[in-house]
Amino acid sequence: MILTAESYYSIEANREYMSCSQYQSFCECEAKAMACLNGEWIEPKGTPLLVGSYLHSHFEGPEAKQQFIAETPEMFLKSGGLKAEYKKADEMIATLEADEFCMYMLQGQPEVILTAELFGIPWKVRYDKYLPEKRRIVDIKTTRSIRGHEWKEIGGRNEKVSFVEMYDYMMRAAIYCEVERIAAGREPGDWPDFYIVVVSKEDPPDKAVINLSDPYRF
């Protein structure tokens, strides 16, 4: 199956390819993951997911943003502005656009799709921003708090961890980099750099650029 922007998130694509999100879904609840693959369950799009998708579409480009607006009229007033519960998204976008370094890191080809075989099965990845000439992958993330910590069970005990560990972004970084390495035909361990540009939902929003390029963790 050839993946496109339109087919990437389809049930057919998820049956053909493993992805980081699908892997995490199976780790959390196998029954729910299978129900999604069989079309028996569709994950509802709550406010946090819609805010993140709107922010992603903005940095993907004007055409992608207009398409997102057309497909999610429930987020917008008749005047065209965001409804009150979604207004934080515009503040988050403004926070990133006001930061010169964040905008520098958000350069590159948007929404690049690559595939490769890992662990005996095909995987798919979709990079928010990809600069092959600089060997740099950038993922855009939103979170409740960049500097706060939450409890998570690790190795049978509860530990306070950052949002990076809470949502297994190191696993995503490792998979994204390994798929890129294989697709580019480089030797094992010759990975690109992986960064996340993250903005929080706090008032006012916080932002950061975090380098997750860690070969030992990979």
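Counting from 1, residues in each chain are numbered in the order their sequence is written. Side-chain atom pairs in this predicted model are given and counted only at pLDDT of 80 or more, local residue features only at pLDDT of at least 70, and totals for whole chains, interfaces and linings cover all residues. Excluding hydrogens and water, the side-chain values take into account all heavy atoms of the structure.

A. Representation of the layout of surface pockets in the model. Note on definitions: the grid is 1 Å and covers protein atoms alone; a cavity is a set of points where a 1.4 Å probe fits but cannot get out; a pocket is an open set with protein on both sides within 12 Å along at least five of seven lines; lining residues have an atom within 4 Å of a point. Grid points are joined across faces, edges and corners, and a volume is the space filled by probe spheres set on the points. Size it by volume and the second largest pocket reaches roughly 240 Å³. Forming the boundary of the second largest pocket are Y23, Q24, C27, L118, F119, D168, M171, A174, I175, E178, W191 and F218. Comment: elements are numbered from the N terminus, with helices defined as DSSP H or I runs of at least four residues and strands as E runs of at least two. Elements represented by at least two residues in the lining of the second largest pocket include exactly helix 2 (20–28) and helix 9 (169–184). Element by element, the count of residues in the lining of the second largest pocket is highest for helix 9, at four residues.

B. Geometry of the nonpolar core. Counting 26 residues, the largest nonpolar core has Y127, V179, F194 and L212 as the members making the most contacts within it. Contributions of two or more residues to this core are made by strand 1 (109–118), strand 2 (121–131), helix 8 (163–166), helix 9 and strand 6 (193–200). Looking at this core element by element, the count peaks at seven residues for helix 9. Contacts between residues were defined by any pair of non-hydrogen atoms, one from each residue, lying within 4.5 Å. If sequence neighbours within four positions are ignored, L212 has contacts with V164, Y169, M170, A173, F194, I196 and F218. Residues belong to a common nonpolar core when they are buried Ala, Val, Leu, Ile, Met, Phe, Trp, Tyr or Cys residues joined through side-chain atoms within 4.5 Å. We call a residue buried when its accessible area falls under 20% of the maximum for its residue type, exposed when it is over 50%, and partly exposed in between, using a 1.4 Å probe and counting protein chains only. Y54, F76, A89 and M105 belong to the second-largest nonpolar core, a separate cluster that totals 22 residues.

C. Spatial organisation of the pairing of strand 1. Here nine bridges tie strand 1 to strand 2, and the two strands are oriented antiparallel to one another. Within strand 2, the residue paired with L114 across the bridge is V125. Here, strands pair whenever DSSP counts at least two bridges between them. In this antiparallel pair of consecutive strands, strand 1 and strand 2, the connection spans two residues, and F119 shows a positive phi of 55°.

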